[in-house]
Amino acid sequence: MSCDLLQLATPGVASLQPYEPGKPVEDLERELGLKNIIKLASNENPLGSSPKAMAILNNPGDLARYPDGNGFRLKAALAEYHGVQAEQITLGNGSNEILELIARAILTPAHEVIFSEHAFAVYPLVTQAIGARAVVVPAKNHSHDPHAMVAAVTSNSRLMFVANPNNPTGTWLQRPELRQLLESVPDDLIVVVDEAYFDYAQEPDYPNCMEWLADFPNLLVTRTFSKAYGLAGLRIGYGVTHRDLADLLNRVRQPFNINSLALACAEAALQDSEHMKRTISNNQSGMRQLIDAFNTLGLEYIPSTGNFICVDMKRPGREIYNRLLHEGVIVRPVDNYGLPNHLRVTIGREEENERFIKALKKVIGDS
Ligand SMILES: *Cc1c(COP(=O)(O)O)cnc(C)c1O
């Protein structure tokens, strides 16, 4: 038997690099035998899940039954929350799944997909898995360049991803420039505006694309319960778009793509505005705490409106990352995003930020 199984890959899959997740705490415990590890590497909510969502776990319902494959209750709650029709909503196993579904529903290898340099790593993954062509538009000051992205559109372009704010940079497009981008592209180019960090973005010029769905039938807005809502482990997110596009997404999804617990916990989390308030307030003070420390240390950073910030270490970020691991602090190297000297740090609780700052001072001082 000597069949080279790797040879069986389709051309797109053959050149795929798997997604590199943040290092789990358990891995580092095993590898270095450390205790009291803190993880500021995956933009999770440092305050945990909403207590209202956690309460579901005491009364989880009948897990012997399949979940509601149509997610009726959660879609109704989301429709009311956003002022849209339930038919416009597609639930996903994380918003990541919505990014995959749209790619699968409308792309062929003949198509081009446009996104920015330094943009979220899942965009090239879903593009290449289909065998479509990724058109990576150079960033401007680490940010999406909306004019260049519009200029990159050709008759083969079928899909554009805009991360607002972007991960890992935290940069965002303001209301007029994003609106203008949507007005400038052809009607048959689907624009996904990925709003995974919507609730953290508190700048007055930051646009809410849900308000523009009626103006742009080619707009697909994605949101998630993984970040500010603190339910990353349950895997649930959603997309909102024109009902016809939602119909296409619904055709390609698994019949029961969202589990019962995720449906119930997301519904509870959506109602917990107290937890959301605490989450945003912690993020704002934590962001100031990190920025103050970077300024004191003379380190430059990319201004971010997310719950994370990229700081320029002026030398390979992966070195500093590895040294921080030995201090029990997990952050995220972003060399795979074309940012070899930066580290992405998730805003934690005050004491976690303090530990990170202390560890950072130590490893910089040591070298
Ligand atoms: C985290 C993230 C997502 C997806 O997260 P899910 O857990 O799949 O909902 C999507 N886009 C961006 C930019 C992200 O950072």
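We now turn to the structure provided with this report. Since this is a predicted model, take the numbers as computed values, not measurements.

## Examining the overall build of the chain
- Helix and strand content of the chain: 13 helices and 13 strands.
- Its C-alpha radius of gyration of 21 Å places the chain within 12% of the 21 Å reference for a compact globule of 367 residues.
- The C-alpha extent of the chain, read off along each of the three principal axes, is 60 × 55 × 50 Å.
- Looking at the chain as a whole, 52% of its 367 residues are labelled buried.
- Looking at the chain alone, contacts between residues at least 24 apart form 74% of all its contacts between residues at least 6 apart.
- Just so you have it, the chain exposes about 17,000 Å², and 51% of that area is on carbon and sulfur atoms.
- Across the chain, 34 positive and 43 negative side-chain charges occur, with their mean positions spaced 4 Å apart.

## Structural notes on the site of the ligand
- The ligand sits among G94, S95, N96, F120, N167, D194, A196, Y197, T224, S226, K227 and R235.
- Measuring from an oxygen atom of the ligand, one finds a backbone N or O atom of S95 at 2.7 Å.
- Side-chain polar atom of K227 to an oxygen atom of the ligand: 3.1 Å apart, as the coordinates give it.
- If the ligand stood free it would expose 380 Å²; the protein chains cover 93% of that surface.
- The residue makeup of the shell around the ligand, split by class, is three nonpolar, six polar and three charged.

## So, the pattern of salt bridges
- Per the stated rule, a full pass over the model turns up 19 salt bridges.
- A salt bridge links E44 to K39; the nearest nitrogen and oxygen atoms lie 3.0 Å apart.
- Among the residues examined, E44 registers a relative accessible area of 31% and is labelled partly exposed.
- On the basis of relative accessible area, K39 is assigned to the partly exposed category, the value being 23%.
- Here E352 makes a salt bridge to R349, at a shortest N to O gap of 3.3 Å.
- A residue is classified by how much of its surface remains accessible, and E352, at 12% relative accessible area, is buried.
- What emerges from the salt-bridge pattern is a single network uniting E20, R318 and D335.

## Here's the deal with the pairing of strand 10 (residues 308–312)
- The buried fraction of strand 10 is high, at five of five residues.
- Going residue by residue along strand 10, you find F308, C310 and D312 tucked away on one face and I309 and V311 tucked away on the opposite face as well.
- With two bridges joining them, strand 9 (residues 301–302) and strand 10 adopt antiparallel strand pairing. Paired with Y301 across the bridge in strand 10 is V311.
- What sits between strand 9 and strand 10 in their antiparallel hairpin is a turn of five residues.

## What to know about the pairing of strand 4 (residues 133–137)
- Judged from the five bridges that link them, strand 3 (residues 112–116) and strand 4 form a sheet pairing that is parallel. Paired with S116 across the bridge in strand 4 is V137.

Reading the values: the criteria
Position labels on residues start from 1 in each chain and follow its written sequence. In keeping with the predicted nature of the model, local features appear solely for residues at pLDDT of at least 70, side-chain atom pairs appear and are counted solely at 80 or more, and the whole-chain, interface and lining totals rest on all residues. Just so you know, side-chain values use all the structure's heavy atoms and leave hydrogens and water out. Helix numbers and strand numbers start at the N terminus; a helix is a DSSP run of H or I with at least 4 residues, a strand a run of E with at least 2. C-alpha atoms define the radius of gyration, and 2.2 Å times the number of residues to the power 0.38 defines the globule rule. Only protein chains enter the accessibility calculation, which uses a 1.4 Å probe; a residue is then buried when its area is under 20% of its type maximum, exposed when over 50%, and partly exposed in between. Contact criterion: two residues are considered in contact whenever any of their non-hydrogen atoms come within 4.5 Å of each other. Areas reported here follow the Shrake-Rupley algorithm with a probe of radius 1.4 Å; residue values treat only the protein chains shown as occluding. His residues and chain termini do not enter the charge count, which takes Lys and Arg as positive and Asp and Glu as negative. Taken as the charge centre is NZ of Lys, CZ of Arg, CG of Asp or CD of Glu, depending on the residue. Distances are taken per atom, and a residue is near a molecule or strand as soon as one of its heavy atoms is within 4 Å of it. Under the rule applied, a polar contact is a pair of N or O atoms within 3.5 Å (in protein, one hydrogen donor and one hydrogen acceptor; residues adjacent in sequence only if both atoms are side-chain atoms). Each residue gets one of three labels, nonpolar for Ala, Val, Leu, Ile, Met, Phe, Trp, Tyr, Cys and Pro, charged for Asp, Glu, Lys and Arg, and polar for the others, Gly among them. Salt bridges are identified by distance alone: a Lys or Arg side-chain nitrogen within 4 Å of an Asp or Glu carboxyl oxygen. Here, any two strands with at least 2 DSSP bridges between them count as paired.

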